[in-house]
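# Overview (structure and organization)
Residue-level listing of the chains:
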Protein chains: 2
Amino acid sequence: MLETRLDTARIRAARRMIAPVFLDTPLYRCEALEPVLGCAVSIKLETANPVRSFKGRGTELVAGLLAENGPRAAVCASAGNLGQALAWSGRGRGLDVTVVASRFAPATKLDRIRALDARLELVDGDFEMARERAVAIAGHEGVRLVEDSLDIETCEGAATIGLELLDSAPAFDAVLIALGGGAMATGVGHVLKTFAPGAEVICVQPSGAPAMTRSWRRQRVVTTESTDTIADGVAGRRPIPEVLDDLLLVADDAVLVEEASIIAGMGLLLDRAGLVVEPSAALGIAAILEDRARFADRHVVTIVCGGNVDAGSYRRWVGMGLDHKP
Amino acid sequence: MLETRLDTARIRAARRMIAPVFLDTPLYRCEALEPVLGCAVSIKLETANPVRSFKGRGTELVAGLLAENGPRAAVCASAGNLGQALAWSGRGRGLDVTVVASRFAPATKLDRIRALDARLELVDGDFEMARERAVAIAGHEGVRLVEDSLDIETCEGAATIGLELLDSAPAFDAVLIALGGGAMATGVGHVLKTFAPGAEVICVQPSGAPAMTRSWRRQRVVTTESTDTIADGVAGRRPIPEVLDDLLLVADDAVLVEEASIIAGMGLLLDRAGLVVEPSAALGIAAILEDRARFADRHVVTIVCGGNVDAGSYRRWVGMGLDHKP
């Protein structure tokens, strides 16, 4: 049995606490991508829900437990998606939600957090500064601090994606998981390594935000001074030791990809799959583009984890000047 | 009991014959659209599957029945989506599929039909000419002719969308359904008028392809000489009498929308919902844009029925020059 912090029985039980709108998301072969990528590709689509990312799976657990027996208020730091999801889950249960985010986060993410009735506090720095501020608010106000990837609910919520992947037919050879704080990677990885250990669990991170990947490779926490990537959702600098420990148990590999590959992946997902995704959600396709030989003729699942992008940035990235045809 | 050609017990049974990848599609509130549209909007998303449209629901029935006890070959005329879906459903069951389409159909639809191993025959005319050619092929070769909207499987397959809508919470006030041949409108309409008669069933067609809407209004078949719309998926000229009879029993209204509204709808779905849709799938949003007062403060479901668009055309329609912000 895997000795991660995650618990399989709790993950199964989690499905009952999560609003159905976040569960049983589409999983389908996308053959139009395959001539370009040289392998069979299935998409697990986490964007067709009220917050357009997978984060609702975790925040439903957090908010559900709080509504049962916790304080009626919570605060989180967020690159934007966790905050939206916590705001959505909290609103439905009458919780007060505060989100701390970088003022450099995509405007659409910040707008949606506000629209969901959360209190939004902006810091003049990056995600790590938002984390510090959220800790301070929680201490000062005595509300629940929700820490992405550290709090087990965020990992076990994401792990429900893994349960859904197990039913995939035909079975897949590898799953590509965007790596940021590690909740999705440890969650999905825990389930796959428990029930389908033959499937390769591959984490993908931008070269411009490599802290967790470097940490995984060196088997100890490695931090970075800064990040430089359009993949705002995964741009952390300070991996959490407990999450790294879990990741070391469940990930078969962690790879870094270039910005140009992320943009090419977004363009391919648009033109060949009809999917608008945020940069973090194109990391899996980017990994295939950078190492076609590795995946040749295998069946790969990529989790399309979020679709919150500013329209202007998105159009610039995938815009008119580019041609993504093979 | 509604006296349409559709049968509720058969529709329920249909779910067992349809590949799960086409069933239980996402249904969710899309609040980001609501400030622009002035009403609560839920999206029923039919594009996240291997053929990127709802048509697989019907072709799974057709192909499933053929595999059991029919000829091992079928032919259909298609604007592009039915052909893709029949090719997909037929391929999985070892059936020979021939699709007849207009050479003016979107290249991506034709490419996908070929990629799915179907024989593709192009006619130098519109969808109605393709229909005539398909009839001739069926007669000549003795294979099954699949006629969209006339064949009850295409209607009852689409009707399974209606079953899924019944579980919606909160209940909705109206559902907007793209109207072409009428399979989706009569299918979904039959289920709603049977089990949720209070929900308004509103069909939406482009002003440039108004034959079925005019027929519904006059309660007799009205044909047109030509069509002029970017919504290729619904551009028919000759309504089928039996389908019109059913539509008269289940539709509360049929409205026509302008091309500019369809394009604006596509832009809104892209920028505010992150959805790439073909023009036919934006008809519902177009209808709200053209009559905000009618929908004000109501809860409306729009079925996003297809996402097969040529990348070039799509980028031109929703392109850089437009700003869809309110």
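All values derive from a computational prediction rather than experimental measurement.

Thresholds applied
- Residues numbered from 1 in each chain as written.
- Chains lettered and ligands numbered in written order.
- Predicted model: local features only at pLDDT ≥ 70, side-chain atom pairs only at ≥ 80, totals over all residues.
- Heavy atoms only, no water.
- Helix = DSSP H or I, 4+ residues; strand = E, 2+ residues; numbered from the N terminus.
- Buried < 20%, exposed > 50% of the residue type's maximum accessible area, 1.4 Å probe, protein only.
- Least-squares fit on C-alpha atoms with pLDDT ≥ 70 in both.
- Expected span 1.5 Å × (residues − 1).
- Polar contact = N/O pair within 3.5 Å; in protein donor to acceptor, adjacent residues only side chain to side chain.
- Patch = residues over 30% accessible without salt bridge, like charges linked within 9 Å, V, L, I, M, F, W, Y side chains within 5 Å.
- Areas by Shrake-Rupley, 256 points an atom, 1.4 Å probe, with all protein chains shown as cover.
- Salt bridge = Lys/Arg side-chain N within 4 Å of Asp/Glu carboxyl O.
- Lys, Arg positive; Asp, Glu negative; His and termini not counted.
- Charge placed at Lys NZ, Arg CZ, Asp CG, Glu CD.
- Axes fitted to C-alpha atoms, helices over the stretch in contact; angles between N-to-C directions.
- Parallel < 35°, antiparallel > 145°, perpendicular 65-115°, else oblique.
- Left-handed = near helix turned anticlockwise from the far one by under 90°.
- Contact = heavy atoms within 4.5 Å.
- Nonpolar A, V, L, I, M, F, W, Y, C, P; charged D, E, K, R; others polar.
- Pairing = 2+ DSSP bridges.
- UniProt positions renumbered as here; feature names shortened; annotations may be inferred.
- Buried area = accessible area lost by both parts, 1.4 Å probe.

Residue and element names in this part refer to chain B. Of note in this structure, Arg52 is not a glycine but carries a positive phi near 55°. Following the sequence through the fold, Arg52 ends up in the loop between strand 2 (40–45) and helix 3 (56–69). According to the relative accessible area criterion, Arg52 is buried, its value standing at 12%. For Asp297, which is not glycine, the phi torsion reads 65° and is therefore positive. Within the secondary structure, Asp297 sits in the loop between helix 13 (292–295) and strand 10 (299–304).

One chain copy maps onto the other through a rotation about an axis and a shift parallel to that axis. Once chain A has been moved 0.0 Å along the axis and rotated by 180°, it coincides with chain B to within an RMSD of 0.0 Å. In symmetry terms, the pair is related by a two-fold rotation axis.

With that settled, consider helix 6 (residues 127–141) of chain B. Residue and element names in this part refer to chain B. For helix 6, built from 15 residues, the straight-helix expectation of 21 Å at 1.5 Å per residue is met to within 8% by its first-to-last C-alpha distance of 21 Å. Buried within helix 6 we find Glu128, Ala130, Ala134, Ile137 and Ala138. By the N-cap criterion, in which a side-chain oxygen at the helix start approaches the backbone nitrogen of a residue two or three places on, helix 6 is capped by Asp126, the distance to Glu128 being 3.1 Å. Once helix 6 ends, the next one or two residues include Gly142, with phi positive near 65°.

Before going further, it helps to spend a moment on a positive patch on the surface. Residue and element names in this part refer to chain A. Where like charges cluster on the molecular surface, the positive patch consists of Arg214, Arg217, Arg218 and Arg220. When you line up the elements, Arg217 lands in helix 9 (residues 211–218). Judged by its relative accessible area of 47%, Arg217 falls in the partly exposed class.

All names here are of chain A. At a minimum axis distance of 10 Å, the contact between helix 9 and helix 10 (residues 241–250) shows a crossing angle of 60°. Considered as vectors, helix 9 and helix 10 are oriented oblique to each other. At the point where helix 9 passes helix 10, the crossing takes the right-handed sense. Facing helix 9, whose interface residues are Met212, Ser215 and Trp216, helix 10 presents Val243, Leu244, Leu247 and Leu248. When grouped by side-chain class, the residues that make up the contact of helix 9 with helix 10 number six nonpolar, one polar and no charged.

Glancing now at the sheet that holds strand 4 (residues 96–102) of chain A. Sheet strands pair by backbone hydrogen bonding; their relative direction is either parallel or antiparallel. All names here are of chain A. Taking strand neighbours across the sheet as the criterion, the four strands line up as 5-4-3-6 in an open arrangement whose pairing is parallel. Both edges of this open sheet fall to strand 5 (119–123) and strand 6 (144–146), since each of them pairs with a single strand only. If you compare each strand with its neighbour and ignore which way they point, the axes differ by 20° on average. With three bridges connecting them, strand 3 (residues 73–77) and strand 6 associate as parallel partners. Bridging from a neighbouring strand, Cys76 pairs with Val146 of strand 6. Here helix 4 (residues 81–91) sits on the sheet and contacts strand 3, strand 4 and strand 6; the angle it forms with strand 3, its principal contact strand, is near 170°.

Turning to the side chain of Ser89(B), a few remarks are in order. Along the chain, Ser89(B) falls in helix 4 (residues 81–91). Contacts of Ser89(B), omitting those with residues within four sequence positions, involve Gly56(B), Thr59(B), Glu60(B) and Ala63(B).

So, about the sheet that holds strand 2 of chain B. Residues and elements named next belong to chain B. Strand order in the open sheet formed by six strands is 1-2-10-7-8-9, and the pairing between neighbours is mixed. Edge strands, defined here as strands with exactly one partner in the open sheet, are strand 1 (27–29) and strand 9 (253–257). Taking the axes of each pair of neighbouring strands and ignoring which way they run, one obtains an average angle of 25° across the sheet. Here five bridges tie strand 8 (residues 200–206) to strand 9, and the two strands are oriented parallel to one another. Considered in strand 9, the bridge of Cys203 is made with Ala254. The sheet contacts of helix 9 (residues 211–218) involve strand 8 and strand 9, and relative to strand 9 the element is tilted by about 145°.

Further remarks concern the packing of helix 3 (residues 56–69) of chain A against helix 4 of chain A. All names here are of chain A. The N-to-C vectors of helix 3 and helix 4 enclose an angle of 45°; their axes lie 8 Å apart at closest approach. Classified by the angle between their axes, helix 3 and helix 4 sit oblique to one another. Handedness of the helix 3/helix 4 crossing: right-handed. Residues Gly56, Thr59, Glu60, Val62 and Ala63 of helix 3 pack against Leu82, Ala85, Leu86, Trp88, Ser89 and Gly90 of helix 4. Looking at side-chain class alone, the contact of helix 3 with helix 4 contains six nonpolar, four polar and one charged residues.

Take the UniProt feature "domain: Tryptophan synthase beta chain-like PALP" (unreviewed entry) in chain A next. Here the UniProt feature "domain: Tryptophan synthase beta chain-like PALP" (unreviewed entry) sits at residues 23–306 of chain A. This span, residues 23–306 of chain A, is 44% helix and 18% strand, and a straight line between its end C-alpha atoms measures 15 Å.

Contact residues are listed per partner, giving 30 residues for chain A and 30 residues for chain B. Summed over both sides, the interface between chain A and chain B buries roughly 2,400 Å², with carbon and sulfur atoms accounting for 53% of that surface. Here chain A is connected to chain B by four salt bridges. Between Glu31(A) and Arg91(B) there is a salt bridge whose closest N-O contact spans 2.5 Å. Counting across the chain A and chain B interface gives eight residue pairs in polar contact (both at pLDDT 80 or more). A per-element tally of the side of chain A that touches chain B places helix 11 (residues 259–273) of chain A first, with four residues. Grouping the amino acids of the side of chain A that touches chain B by side-chain chemistry returns 17 nonpolar, four polar and nine charged.

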